[in-house]
Structures are given as structure tokens and as C-alpha cells.
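What follows is each chain in one-letter form.
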Amino acid sequence: MSAKKRGQNARQRAMSTTGYAYAFLLILQTILIGVNAENRLQQGDSPIEVLIWMINQCIPVLKQASNFQEKQKKSLLPKHRRSEDQ
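Please read these numbers as outputs of a predicted model, since none were measured by experiment.

Chemist: Is there a simple way to think about the overall build of the protein in this case?
Modeler: Within the protein one finds 3 helices and 0 strands. The secondary structure elements of the protein, listed N-terminal to C-terminal, are α-α-α. In the protein, which comprises 86 residues, the proportion classed as buried is 12%. Pairs at least 24 residues apart make up 57% of the contacts formed inside the protein by residues separated by at least 6 positions. As presented, the protein carries roughly 6,900 Å² of accessible surface, and 59% of it is formed by carbon and sulfur atoms.

Quick look at the structure:
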């Protein structure tokens, strides 16, 4: 196997590990939003208020996931293709 292919495989494994870690953290953040929402319901907030609050909390999480996915796609492109996309 050439050094170039080994470098690409190592980079893909690193991105995969980073991706799994990032996905885990986003899932954890979403679970914590749900726990906080449950607490708000128990404190007497209306379900509609809690639902709106949850949506507002989840939008940044979705943006983070989307940005990470775009960065990951760009990093896997060959170098000459990355410069064309910018």
C-alpha cells in the first residue's frame, strides 16, 4: 500500500472517530434538553411553552450537526476539488 493511501485511510479513521464522538455529544445534548423540558413541565409550564422552548433549543444542535457534516464532506474531497468549492 502506498504512503498516500495509508495517509488517506488514517485520516478517514480519525474523521470517523471524531464523527462518532461528535454524534455522541449531540445526542447527549439532545437528551439533556429533554430532561430539562420534563423538569419545566413538572414545574407547571404549559406543554406548548415547553415545546416551543425545546424547538428553540434544538435548532442550534441541528445547525452544529449540519456544519460538522459539511466540514467532514469537504475534508474527504481531493485537494483540487476543495479549492473549487470555496
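Chemist: Quick question: what am I supposed to make of the environment of Leu62 here?
Modeler: In this structure, Leu62 sits in helix α2 (residues 47–76). Residues Leu62 and Leu26, spaced 36 residues apart in sequence, show a C-alpha to C-alpha distance of 8.7 Å.

Chemist: Please explain α2 as it appears in this structure.
Modeler: Think of an α-helix as turning once every 3.6 residues; residues three or four places apart then point the same way. Helix length check: α2 (30 residues) gives 43 Å between terminal C-alpha atoms against 44 Å at 1.5 Å per residue, within 8%. Buried within α2 we find Val50, Trp53, Val61, Phe68 and Ser75.

Chemist: Teacher, can you tell me more about the pattern of salt bridges here?
Modeler: Enumeration according to the criterion identifies 1 salt bridge in this entry. A salt bridge links Arg40 to Asp45; the shortest N-O distance between them is 3.3 Å.

Chemist: Sorry if this is basic, but what is going on with a nonpolar patch on the surface here?
Modeler: On the surface, Phe24, Leu25, Leu28 and Leu32 cluster together to form a nonpolar patch covering roughly 410 Å² of accessible area. Here Leu32 shows up in helix α1 (residues 3–42).

Chemist: How should the packing of aromatic side chains be read in this particular structure?
Modeler: Any pair of aromatic rings gets described here by the distance separating the centres and the angle formed by the planes. For the structure shown, the criterion picks out 1 aromatic pair. Residues Tyr22 and Phe68 carry aromatic rings whose centres are separated by 4.5 Å and whose planes lie at 20° to one another, so their mutual orientation is stacked. Taken together, the residues Tyr22 in helix α1 and Phe68 in helix α2 connect sequence positions 46 residues apart. With relative accessibility at 28%, the residue Tyr22 sits in the partly exposed group. For Phe68, a relative accessible area of 17% puts it in the buried group.

Chemist: Which parts of the structure should I look at to understand the environment of Ala23?
Modeler: Tracing the sequence through the fold places Ala23 in helix α1. Ala23 sits 45 residues away from Phe68 along the chain, and the two C-alpha atoms are 9.6 Å apart.

Chemist: Any chance you could explain the confidence of the model for the protein here in plain terms?
Modeler: Low pLDDT means the predicted atomic positions in that stretch should not be read closely. On average, the protein scores 82 in pLDDT, and the residues at 70 or more come to 72%. The least confident element of the protein is helix α3 (residues 79–85), whose mean pLDDT is 56; the most confident is α2, at 89.

Chemist: Would you take a moment to explain the nonpolar core for this structure?
Modeler: In summary, soluble globular proteins display a tendency toward joint burial of nonpolar side chains. Counting residues in hydrophobic clusters, the biggest one holds 6 residues: Leu26, Ile33, Ala37, Val50, Trp53 and Val61. Within the residue set of this core, elements represented by two or more residues are α1 and α2.

Scoring rules and cut-offs
- Residues numbered from 1 in each chain as written.
- Predicted model: local features only at pLDDT ≥ 70, side-chain atom pairs only at ≥ 80, totals over all residues.
- Heavy atoms only, no water.
- Helix = DSSP H or I, 4+ residues; strand = E, 2+ residues; numbered from the N terminus.
- Buried < 20%, exposed > 50% of the residue type's maximum accessible area, 1.4 Å probe, protein only.
- Contact = heavy atoms within 4.5 Å.
- Areas by Shrake-Rupley, 256 points an atom, 1.4 Å probe, with all protein chains shown as cover.
- Expected span 1.5 Å × (residues − 1).
- Salt bridge = Lys/Arg side-chain N within 4 Å of Asp/Glu carboxyl O.
- Patch = residues over 30% accessible without salt bridge, like charges linked within 9 Å, V, L, I, M, F, W, Y side chains within 5 Å.
- Phe/Tyr/Trp six-rings, centres within 6.5 Å; stacked < 30°, edge-to-face > 60°.
- pLDDT = per-residue confidence, 0-100.
- Core = buried A, V, L, I, M, F, W, Y, C linked by side-chain atoms within 4.5 Å.

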